[in-house]
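Structural description and commentary
Residues per chain are reported as follows:
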Amino acid sequence: MVKVLEAVPNFSEGRDLTKIEALVDVILSKDAEVLDWSADPDHNRAVITYIGDPAVVEAASVAAARFAIEHIDMRSHTGVHPRVGALDVLPFVPLEGMDMGEAVASAHRVGTEFGLMGLPVFFYGKASESPDRRLAQLRRGGFEGLNAAFSEGLMPDIPSGIEVCHLTAGVTCVGARDVLLAWNVFATGIGLQDAREIASEIREQGGGFTGVRALGLYLSEQARVQISMNLEDLVSTHPLDVFEVITEKVTRKGGQISESQVIGMIPDTLVHRTIADRLLLPDLGPARVLSHRVAEHIMERTSGRNEIADRAE
């Protein structure tokens, strides 16, 4: 059986493309298949999506973390997105031939390796013993809030007994989760406070949509505001419903939606062209559709095994 594990690390570097491309090369050198990568200078953040056999993805993740520790210094990092580390967050997603328990096991193995490198690790999501541990809680106060000793109620899981974060790399949040939609909606004619109010109203924590995490941000490089979201429950919450509510709220405040943007891969929820058009998404193409790329990946690995078997005969 072919097993496919996905990793979607977020690195605190979105301005130095040479450094980001080197990170991608490190991941490729471990034989993982990189499906997509993107970088944003305002967020000062890069997101890389790669898949492969669990052992391959784990090795690529450890190598990427080592690169981040050596080349990203959080002491000089600035950006609008919350962050606590050079490798800020690393979720593992079981895609084919795997269950969530196996993804959790991968997260724990990789987290242990990070600890050996002196990088404190917080497990979150399905990888955490506490189901209530969320990224917003772990990233409150940012990297700057970690300069002192860890608070009594929020100690890293690995390594045991560590009292301070890594001097330059901070800490890393390692998790396991299902497929989600990382999605940004851009608006004109409204201000940052308007965007923050809308984000607070649509997020689950504020009584909005199930599984929606949202932030209102101002992007100075683009001189426009953004509602940045993760939709973590695509069964209960459809992006169209969220988009309609955002549009209504933006319009009431005198603005309008200009476009939206998917970060990483596209879940099947957005495959239909009519849905993408209604969400004001650009033509992303099949190369960005997760299920399509996974099917191709499995076919390539299966073909490779068959070729080896034929040669052996």
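Before going into details, it helps to say that this report is about the structure given with it. This one's a predicted model, so the numbers in the text were calculated from it and none came from an experiment.

**Some words on the packing of helix α2 (residues 54-71) against helix α3 (residues 100-116)**
- It is the contact of α2 with α3, at a shortest axis distance of 10 Å, that shows an interaxial angle of 30°. Judged by the angle between their axes, α2 and α3 are roughly parallel. Our pair here, α2 against α3, has a crossing hand that is right-handed. Of α3, the residues touching α2 (which contributes Pro54, Glu58, Ser61, Val62 and Ala65) are Ser106, Arg109, Val110, Glu113 and Phe114.
- Looking at side-chain class alone, the contact of α2 with α3 contains five nonpolar, two polar and three charged residues.

**Quick word on the sheet that holds strand β9 (residues 212-219)**
- Ordered in space as β9-β10-β8-β11, the four strands form an open sheet in which the pairing is antiparallel. Here the strands that pair on one side only, and so sit at the sheet edges, are β9 and β11 (256-263). Taking the axes of each pair of neighbouring strands and ignoring which way they run, one obtains an average angle of 20° across the sheet.
- Against the sheet, helix α5 (residues 192-202) makes contact with β9 and β10 (224-231), and its axis sits at roughly 175° relative to β9, the strand it touches most.
- Lying on the sheet, helix α6 (residues 239-252) is in contact with β8 (181-188), β9, β10 and β11; it crosses β8 at an angle near 20°.

**Overview of the packing of helix α1 (residues 17-28) against α2**
- Put simply, α1 and α2 touch, their axes get as near as 8 Å, and they point 150° apart. The angle between α1 and α2 places the two elements in the roughly antiparallel class. Here α1 runs over α2; the crossing is right-handed. Two secondary-structure elements touch here, α1 through Lys19, Ala22, Leu23, Val26 and Ile27 and α2 through Ala60, Ala63, Ala64, Phe67 and His71.
- For the contact of α1 with α2, the class distribution of residues is eight nonpolar, one polar and one charged.

**Side note on the side chain of Asp88**
- Here Asp88 lies in strand β5 (residues 87-96).
- A polar atom in the side chain of Asp88 sits 2.8 Å from the side chain of Arg45.

**Quick notes on the pairing of strand β6 (residues 121-125)**
- Among the five residues in β6, four count as buried, and that is most of the element.
- Here five bridges tie β6 to strand β7 (residues 172-176), and the two strands are oriented parallel to one another. In the strand pairing of β7, Tyr124 is matched with Gly175.

**Considerations on α5**
- Taken together, the buried positions of α5 are Ala195, Ile198, Ala199 and Ile202. Buried residues along α5 cover an arc of 100° about the axis, so they all sit on one side.

**Quick notes on unusual backbone geometry**
- Going from Ile158 to Pro159, the amide bond is cis rather than trans, its omega being -10°.
- Within the secondary structure, Pro159 sits in the loop between α4 (135-138) and β7.
- The phi angle at Ala223 is positive, at roughly 55°, despite the residue not being glycine.
- For Ala223, the position within the fold is in the loop between β9 and β10.

Analysis parameters
Residue indices begin from 1 for each chain and proceed along its sequence in written order. It should be noted that, the model being predicted, local features are given only for residues of pLDDT at least 70 and side-chain atom pairs only at 80 or more, the latter also being counted only at that level, while totals for whole chains, interfaces and linings use all residues. Each side-chain value is worked out from all heavy atoms of the structure, with water and hydrogens disregarded. Between N-to-C directions, angles span 0 to 180 degrees; the directions come from axes that are lines fitted to C-alpha atoms, helices contributing only their stretch in contact. Counting from the N terminus, the helices are the DSSP runs of H or I reaching at least four residues and the strands are the DSSP runs of E reaching at least two. Angles below 35 degrees are treated as roughly parallel, those above 145 as roughly antiparallel, those between 65 and 115 as roughly perpendicular, and all remaining angles as oblique. When the near helix sits turned anticlockwise from the far one by under a right angle, the crossing is termed left-handed; a clockwise turn instead gives a right-handed crossing. Here, residues are in contact when the closest pair of their heavy atoms is within 4.5 Å. Lys, Arg, Asp and Glu make up the charged group, whereas Ala, Val, Leu, Ile, Met, Phe, Trp, Tyr, Cys and Pro make up the nonpolar group; the residues left over, Gly among them, are polar. Here, strands pair whenever DSSP counts at least two bridges between them. Between N or O atoms, a polar contact is any pair within 3.5 Å; within protein, one atom must be a potential hydrogen donor and the other a potential acceptor, and residues adjacent in sequence are included only when both atoms are from side chains. Burial classes: relative accessible area under 20% of the type maximum marks a residue as buried, over 50% as exposed, and values in between as partly exposed (1.4 Å probe, protein chains only). Working note: the arc is built from the helix axis to C-beta atom directions.

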